[in-house]
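Structural overview for review
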Amino acid sequence: MAFRLGASSDRGRMREGNEDSFLASGSLAAVADGMGGHSAGEVASAAATEELRSLQDGAAWRGERSAGEALKWAVMEANRRIREMAAGDKSLEGMGTTITALLSDGDVIHLAHVGDSRAYLLRKGELSQLTEDHTLVQELVKQGKLRPEDAKRHPQGSIITRALGVDADVQVDTATFKIISGDRLLLCTDGLTGVVDQATIRNVLLRVRDPQQASERLVALANEQGGPDNITVVVLDSDGSGPDTGVIDPTGELAGREDDLVAGLRRVGPGTGGGRRRGGRSQKLAKRVLGVLVVLVLLSAGILAGRNFVYSRYWVGFDADTVAIFRGVPGDVAGLHLSSLVERSSVTRDKVPAGYVLSLENGVSAGNLADARRIAACAPVVYQQPDCTIAGPAPTTSVAPTTTRPTTTTKKRS
Ligand code: MG
């Protein structure tokens, strides 16, 4: 099935460039939100959408592969390609991108998703989010450490935990479902969902029949909210007749109905918040949530201005009694471990000057892998060699007074 589609991408009002990319043609659509220094984010998101372009003519999947497999394969190929580009060019080191892509095969839609861009389905007037954000706050929500309503308002919602370009074995979320006449799909980057709520998005999708105009209206709304990030929107209609708006009951709620989405796709239409307990929770929970928010604010302030990606940062600390290099941020945030071991150095704890042990316990941040290796190698002579003294404490040491910071920062690792 070929869609009738509209697409808009805008720099927004705060960013100097647009690191988002999109692809919208026939049976294929994708949005990608790049991150990385200078123009690296732009390179990463463009590389991702370019890689998917190979699916355009169907040749890649009319053979042995199903369309769903081909889409997932193309996303993994994009991951490989981005890592290869970053490895070959120092200015691209640490770049990454989100990707949310869909490919239609007849009346079946295949979705592939990594990061915090989103796909939505408007069916019979009800808006469903088809993707789950790979973000720190979503992770906290899943673990019951943060209430969904607090997560929505959270300014650090853009700290993402999964992206293309970071690990060789990227985990890709996939879903498959049947499209029906009147369905309208939306792909967007967090520049839209960060500032425009779902009720407003739904209203626009219901009221603006032309997909191009709908995409432009959504971008304009994000800009009216300050446009703090790049905004990219793709609207796809399953046929030319515009969205099926469903039946609206007298209270303004939409008539409840079952759809045939596969299990795991999450319904976020009106009324989904009704089952939540409110007010009955103790102040303890409120304090805990506040604690988490404080940590998140401090944490993200120490990572990067603007777009944050936890795992694009390096730090040096101890793995048991060996000085080692980690990716992520030191310590735990509300019980979440945000680091992965990259490599161990040949330096052991007993070689590290006593006064520097605590710094390493807390984690010493590094700009890149080379910097991290230098810091690790310098650890035994940190107070002697001038080249080695620039290794300062990690920015997250400011978090120390809060109770969520563990005392066993780098010792326990599973
Ligand atoms: Mg963004």
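This text follows the structure it describes.
Conventions adopted
Residues numbered from 1 in each chain as written. Predicted model: local features only at pLDDT ≥ 70, side-chain atom pairs only at ≥ 80, totals over all residues. Heavy atoms only, no water. Donors = N, O, S within 2.8 Å, 3.2 Å for Na, K, Ca; no water. Helix = DSSP H or I, 4+ residues; strand = E, 2+ residues; numbered from the N terminus. Buried < 20%, exposed > 50% of the residue type's maximum accessible area, 1.4 Å probe, protein only. Polar contact = N/O pair within 3.5 Å; in protein donor to acceptor, adjacent residues only side chain to side chain. Core = buried A, V, L, I, M, F, W, Y, C linked by side-chain atoms within 4.5 Å. Contact = heavy atoms within 4.5 Å. Salt bridge = Lys/Arg side-chain N within 4 Å of Asp/Glu carboxyl O. Pairing = 2+ DSSP bridges. Axes fitted to C-alpha atoms, helices over the stretch in contact; angles between N-to-C directions. Phe/Tyr/Trp six-rings, centres within 6.5 Å; stacked < 30°, edge-to-face > 60°. Lys NZ or Arg CZ within 6 Å of the ring centre and 35° of its normal.

**Brief notes about the coordination of the magnesium ion**
Every protein donor of the magnesium ion is listed here as Asp33 (OD), Asp190 (OD) and Asp229 (OD), and their distances to the metal cover 2.0 to 2.2 Å. The motif formed by the donor residues of the magnesium ion, counted along the single chain, is D-x156-D-x38-D. With Asp33 in strand 3 (residues 28–35) and Asp229 in the loop between helix 7 (211–224) and strand 11 (231–237), this residue pair connects regions lying 196 residues apart in the sequence. Like Asp33, the residue Asp229 is buried in the burial classification.

**Brief notes about the side chain of Asp319**
Structurally, the position occupied by Asp319 is in strand 12 (residues 314–319). There is a polar contact of 2.5 Å between the side chain of Asp319 and the side chain of Arg344.

**Digging into the nonpolar core**
Within the largest apolar cluster, 28 residues are counted, with the highest numbers of intra-cluster contacts made by Leu52, Leu55, Val75, Ile99 and Leu164. In terms of residue count, helix 2 (residues 67–87) provides more of this core than any other element does, 8 residues in total. When residues no more than four places from it in sequence are discounted, the contact partners of Leu52 are Leu23, Leu28, Ala30, Leu71, Ala74, Val75, Ile99 and Ala101. Counting residues in hydrophobic clusters, the runner-up holds 20 residues, among them Val196, Val204, Val219 and Val233.

**Quick word on the pattern of salt bridges**
Enumeration according to the criterion identifies 21 salt bridges in this entry. In this structure, Glu361 engages Arg349 in a salt bridge whose closest nitrogen and oxygen atoms are separated by 2.8 Å. Of this pair, Glu361 sits in helix 9 (residues 354–362) while Arg349 is found in the loop between strand 14 (336–348) and helix 9, placing the two residues 12 residues apart along the sequence. Take Glu361 and Arg349: they sit in the same class, and that class is buried.

**Some points on the sheet that holds strand 7 (residues 118–123)**
With respect to topology, 5 strands assemble into an open sheet ordered 1-11-10-7-8, the strand pairing being antiparallel. Where the open sheet ends on each side, the last strands, each with one partner, are strand 1 (4–10) and strand 8 (126–129). Across the sheet, the mean angle from the axis of one strand to that of its neighbour is 15 degrees, orientation sign disregarded. For strand 7 and strand 8, the ladder comprises 4 bridges, and the chain directions are antiparallel. When the bridges of strand 8 are listed, Tyr120 appears paired with Gln129.

**Here's the deal with the environment of Leu121**
Note that Leu121 resides in strand 7. You can call Leu121 buried: its relative accessible area is 1%. The spatial distance from the C-alpha of Leu121 to the C-alpha of Leu187 is 9.0 Å, given a sequence separation of 66 residues.

**A look at the packing of aromatic side chains**
Counted by the stated rule, this structure contains 2 aromatic pairs. Consider the rings of Trp315 and Phe326, whose centres lie 4.4 Å apart with planes at 20 degrees: the pair is stacked. Remark: Phe326 occurs in strand 13 (residues 322–333) and Trp315 occurs in strand 12; sequence separation between them is 11 residues. Summarising the burial analysis for this pair, Trp315 and Phe326 share the class buried. Measuring from centroid to centroid gives 6.2 Å for Tyr356 and Tyr383, while their planes differ by 75 degrees, and the two rings are edge-to-face. Placement of Tyr356 in helix 9 and of Tyr383 in the segment after helix 10 (369–378) is noted, with a sequence separation of 27 residues between them. Residue Tyr356 is classed as buried on the basis of its relative accessible area, which comes to 4%. Judged by relative accessible area, Tyr383 falls into the exposed class, the value being 52%. Just above the ring of Phe318 sits the side chain of Arg349; from NZ or CZ to the centre is 4.0 Å.

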